[in-house]
Amino acid sequence: MTDDVRLRAAEPGDYDRIAPVVDDWWGRPIQGGLPRLFLDHFHRTSLVAEDGDALAGFLVGFLSPSVPDAAYIHFVGVHPGRRGGGLARRLYRGFFDLAAADGRTRVRAITSPLNHGSIAFHRAMGFAVQGPVPDYDGPSTDRVVFELRLDAG
Ligand SMILES: CC(C)(COP(=O)(O)OP(=O)(O)OC[C@H]1O[C@@H](n2cnc3c(N)ncnc32)[C@H](O)[C@@H]1OP(=O)(O)O)[C@@H](O)C(=O)NCCC(=O)NCCS
């Protein structure tokens, strides 16, 4: 259950709690994909989930500065011991609300074709799933691309 878990807007200093756990939470080295700049410059549109002082989950996302109708979720993670209780769904809904409040009508995200949990999660959240798209992130770096319309009703 996630009843005791509270969501709040992220702050730059949350980076020092998030960065040390991501490799463990993902089960592979991915911390290089989350440099400090994301919390320094996108904390207002990122979310932290806490149970007391304990970090339960987080979402790093932003409102596209270049594509006026789009918002983008870069990373979402839930503590391994807290999965399956709807916390990532709560984080996504929180982000959808702030994106919609800014007039955004679609949310995009990507993942590795090997991240079957992420693909299943995004399907469950109603995202359209495209790919794997060959060379999406450069040579030999295929990606699965997700998009959700916020105005689909
Ligand atoms: C993916 C992740 C964020 C899901 O967090 P979670 O809190 O367990 O997800 P929720 O409980 O909110 O699940 C929401 C829905 O997705 C489904 N889902 C979530 N993870 C799933 C999985 N691994 N396999 C199948 N379905 C899954 C749930 O069944 C649920 O669907 P339902 O409401 O129809 O029953 C979590 O497993 C995680 O942190 N993984 C490691 C990090 C990662 O890969 N992040 C995504 C890429 S950035």
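Residues numbered from 1 in each chain as written. Predicted model: local features only at pLDDT ≥ 70, side-chain atom pairs only at ≥ 80, totals over all residues. Heavy atoms only, no water.

The name given to the chain in an unreviewed UniProt entry is GNAT family N-acetyltransferase, and the organism recorded there is Nonomuraea montanisoli.

Time to look at the pairing of strand β7 (residues 143–149). Bridging between strand β5 (residues 106–111) and β7 involves six bridges; their strand directions are antiparallel. Within β7, the position partnered with Val107 by the bridge is Leu148. In the sheet, strand β6 (residues 128–133) pairs with β7 via four bridges, with the strands oriented antiparallel. Directly across from Val129, in β7, lies its bridge partner Phe146. (Pairing = 2+ DSSP bridges. Helix = DSSP H or I, 4+ residues; strand = E, 2+ residues; numbered from the N terminus.)

Taken in spatial order, the seven strands line up as β1-β2-β3-β4-β5-β7-β6 in an open sheet, and their pairing is mixed. Each end of this open sheet is capped by a strand with a single partner; those strands are β1 (6–9) and β6. Ignoring which end each strand starts from, the neighbouring axes of this sheet average 25 degrees apart. In this sheet, strand β3 (residues 54–63) lies alongside strand β2 (residues 47–51) in antiparallel orientation, the contact comprising five bridges. Paired with Leu47 across the bridge in β3 is Leu59. Those strands touched by helix α5 (residues 116–124) are β4 (70–78), β5, β6 and β7, and its axis lies near 15 degrees from that of β7. (Axes fitted to C-alpha atoms, helices over the stretch in contact; angles between N-to-C directions. Contact = heavy atoms within 4.5 Å.)

The next point concerns the packing of helix α4 (residues 87–101) against α5. The geometry of α4 relative to α5 is characterised by a closest axis approach of 11 Å and an angle of 60 degrees between their N-to-C directions. On the basis of their axis angle, the class for α4 and α5 is oblique. Crossing angle aside, the handedness with which α4 passes α5 is right-handed. Contacts between α4 and α5 involve Ala88, Arg89 and Tyr92 on the former and, on the latter, Phe121, His122 and Ala124. (Parallel < 35°, antiparallel > 145°, perpendicular 65-115°, else oblique. Left-handed = near helix turned anticlockwise from the far one by under 90°.)

This paragraph deals with the side chain of Ser112. In this structure, Ser112 sits in the loop between β5 and α5. You can call Ser112 buried: its relative accessible area is 13%. Residues contacting Ser112, with those up to four places away along its chain left out, are Arg28, Ile119 and Arg143. (Buried < 20%, exposed > 50% of the residue type's maximum accessible area, 1.4 Å probe, protein only.)

Take the environment of Phe146 next. By the element assignment, Phe146 lies in strand β7. Judged by its relative accessible area of 0%, Phe146 falls in the buried class. Between the C-alpha atoms of Phe146 and Gly126, which are 20 residues apart in sequence, the distance is 9.4 Å. Non-local contacts of Phe146, meaning those with residues more than four positions away in its chain, are made with Val107, Arg108, Ala109, Ile110, Thr111, Ser118, Ile119, His122, Phe127, Ala128 and Val129.

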